[in-house]
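For reference, the chains in residue letters:
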Amino acid sequence: MQLRGTGVGGGIAIGRVLRMADPLPEPVDRPSDRTPDVEAERAAHALVATATDLAERGRHTGGAAKDVLEAQALMAADPTLATEVANRVRGGATAERAVFDAFAGYRDTLAGMGGYLAERAADLDDISQRVRAQLAGVAAPGVPSPGHPFVLVARDLSPADTATLDLDQVRALITAEGGPTSHTAILAREKSVVAIVGVHDAATLSDGDLVIVDAGSDAVIAAPTTEQVADAERRIAERAAIAAAPPEPGRLADGTPVPLLANLGSAAGAEEAVRLGAEGVGLFRTEFLFLDADRAPTVDEQRAEYVRLLEAFPGRKVVVRVLDAGADKPLSFVNDDVEPNPALGLRGIRALRAAEPVLRDQLTALALADASTDADLEVMAPMVATVEEARYFTTLAKELGIRVAGVMVETPAAALIADRVLAATDFASIGTNDLAQYTMAADRLLGSVAALQDPWHPAVLRLIGEVGAAGAGSGRPVGVCGEAAADPLLAVVLVGLGVTSLSMSPSAIADVRSSLLGYTREDAGRFARIALAADGASEAKLAVREAASALRGESGTGSLNRGG
Ligand code: PEP
Ligand code: MG
């Protein structure tokens, strides 16, 4: 039996299912039959125990997981929340209900603030669950640890669950909810966990079931035959051999080079990116350096960060994006207005123009860093919608000493007149996350419209094709740096649409490299035409997958072909 969802990357794994306990239900809203003092004592004890547990787990992990857990421990120990819970208990509520209501109130406040703060809302839900599990004396909802490897099946994972997954134990992840750009999908990609999200029938899987999780084919095969298991084992071994081989530059089967670059948010990831075969950096998101800053960073502070990055890539291309402030990445020193629709407001280049001294400082710092290092620095502007914006940014960047200046194509407007936009700048880099959001009118932060946020949609692909054609016509490079570049089969389609380089999270590079090697330029062009002719995203993906299977002499839509 096959269950379908959205695969993250091209990994494959075999294992037995272990389900994650479903979240605790909302506690009944009834007066407590204990005294307020007893309830207050229970609630206070559960809050402290939860904070201690989270802090303890944070101490035993590293990297992103440590930060997530430490932040959660602080939230659980927050005195304002404790007072809020105590007040509700004194008003007659049970400890369970008081915790539920107090955390829900804070969650709604955070969610209303938008951007990164809204994403913290999920953390509060998770902590509320943990405190109530303490009160009920049951295991906290979360990833089970049976002491042997398993395939984790969950409705969805909290950020803390995903960040702290024990990769020696979890062979693969299957979630019923979530789309290709959900938190779970992004973290799974970052950690190279085989994952399929949005598997609506995941509830039909039971503990102990043997499954093949084939992310490249978007399929979970339940109760597989002996042949299917043998085929999957062969492919797992093949992928391990590819991962172990020294990385080579990206190219198609006919030798056409397709540079594979890294998306980075700090210089700390540079070494790992090079180890995984990144040929340079295609997107350095500078706003991640300054998310917590309450004043604009100085030229010197910025220069030090950029030097650290550029020094890691001597002789290689490094594309740095100037601050993309606003919407999902607000920066207090750039965006101080409350906007009803921040994604359609003063973000990206628009916000920087309104705060031009910040932009000037950043370009100056970048030019200084470039002058003292050996990387080939290129700088680009986010959220460009007009030729005039492209001209403004390119002129200012050059005036301040930047040698190569380009623009991101993330709005349908820029894509539709890409020929004129490219005439005003040096290169284009397509941000497919935002391009899909604006083309499909589907908020990228909203789970309820995640299915529409799909770069396989022919409308999005047609816009990418416009930019590719404009690049070919003008001889200017056109990269893709959104999540689409990390999808091994879509990567081939993008090349067929005229894209000349691909930038992605470093863990995706090996799969994309091996997929590109399977096809010629002619195949890529044909796949692009097939995808463009489809009615929708899933039809496009299926039709290209079938064409790829046929080409490789394999049969059927569920075939386990490489890159598909
Ligand atoms: C994009 O929009 O595709 C992109 C690469 O930029 P970000 O995800 O940082 O908005
Ligand atoms: Mg973007």
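Residues numbered from 1 in each chain as written. Chains lettered and ligands numbered in written order. Predicted model: local features only at pLDDT ≥ 70, side-chain atom pairs only at ≥ 80, totals over all residues. Heavy atoms only, no water.

Undergrad: What am I meant to see in the sheet that holds strand 5 (residues 170-175) here?
TA: Neighbouring strands of a sheet are bound in pairs by backbone hydrogen bonds; such pairs are parallel or else antiparallel. Taken together, eight strands build an open sheet; the order of strands is 1-8-7-3-4-5-6-2 and the sheet is mixed. Because the sheet does not close on itself, it has two edges, and the strands there are strand 1 (2-4) and strand 2 (6-8). Neighbour-to-neighbour, the strand axes of this sheet turn through a mean angle of 30°, independent of strand direction. The pairing of strand 1 with strand 8 (residues 219-222) spans three bridges and is classified as antiparallel. When the sheet's bridge partners are listed, Gln2 is paired in strand 8 with Ile221. Sitting on the sheet, helix 8 (residues 226-244) is in contact with strand 3 (12-19), strand 7 (210-214) and strand 8, with an inclination near 115° to strand 3. (Pairing = 2+ DSSP bridges. Helix = DSSP H or I, 4+ residues; strand = E, 2+ residues; numbered from the N terminus. Axes fitted to C-alpha atoms, helices over the stretch in contact; angles between N-to-C directions. Contact = heavy atoms within 4.5 Å.)

Undergrad: What is the right way to look at the coordination of the magnesium ion (ligand 2) in this model?
TA: Put simply, the ideal angle at a metal is 109.5 degrees for four donors in tetrahedral geometry and 90 or 180 degrees for six donors in octahedral geometry. Looking at the magnesium ion (ligand 2), one finds its protein donor set to be Glu410 (OE) and Asp434 (OD), positioned 2.0 Å from the metal centre. You can see Glu410 sitting in the loop between strand 13 (404-409) and helix 14 (412-416) and its partner Asp434 sitting in helix 16 (residues 432-440), a full 24 residues away along the chain. By relative accessible area, Glu410 is classed as buried at 2%. Looking at Asp434, the relative accessible area reads 2%, which means it is buried. (Donors = N, O, S within 2.8 Å, 3.2 Å for Na, K, Ca; no water. Buried < 20%, exposed > 50% of the residue type's maximum accessible area, 1.4 Å probe, protein only.)

Undergrad: Which parts of the structure should I look at to understand the site of ligand 1?
TA: Taken together, 14 residues lie around ligand 1, and Arg285, Lys329, Glu410, Asn433 and Arg444 are the ones closest in. A distance of 2.8 Å separates an oxygen atom of ligand 1 from a polar atom in the side chain of Glu410. Contact distances for ligand 1 include 3.1 Å between an oxygen atom and a backbone N or O atom of Thr432. Every element with two or more residues in the shell around ligand 1 is listed here: strand 10 (281-285) and helix 16. Split by residue class, the shell around ligand 1 holds three nonpolar, four polar and seven charged. (Near = heavy atom within 4 Å. Polar contact = N/O pair within 3.5 Å; in protein donor to acceptor, adjacent residues only side chain to side chain. Nonpolar A, V, L, I, M, F, W, Y, C, P; charged D, E, K, R; others polar.)

Undergrad: Just checking my understanding: could you explain the nonpolar core for this structure?
TA: A general tendency of soluble globular proteins is for nonpolar side chains to be buried together. Within the largest apolar cluster, 101 residues are counted, with the highest numbers of intra-cluster contacts made by Phe393, Val493, Leu502 and Leu516. With residues up to four places along the chain from it excluded, the contact list for Leu516 reads Arg251, Leu252, Ala253, Val258, Leu260, Ala491, Val492, Val495 and Leu502. Ranked by size, the runner-up nonpolar core spans 24 residues in total, among them Ala40, Leu47, Val99 and Ile127. (Core = buried A, V, L, I, M, F, W, Y, C linked by side-chain atoms within 4.5 Å.)

Undergrad: Got a minute to help me understand the pattern of salt bridges in this structure?
TA: When the charged atoms of two side chains with opposite charge come close together, those side chains can pair. Overall, the coordinates contain 33 salt bridges when judged by the stated rule. As a salt-bridge pair, Asp218 and Arg545 come within 2.9 Å of each other at their nearest N and O atoms. Separated by 327 residues along the polypeptide, Asp218 in the loop between strand 7 and strand 8 and Arg545 in helix 21 (residues 537-551) bring together distant segments of the chain. The residue Arg360 makes a salt bridge to Glu356 at a minimum N-O spacing of 2.8 Å. Placement of both Arg360 and Glu356 in helix 12 (residues 356-371) is noted, with a separation of four residues, approximately one turn of the helix. (Salt bridge = Lys/Arg side-chain N within 4 Å of Asp/Glu carboxyl O.)

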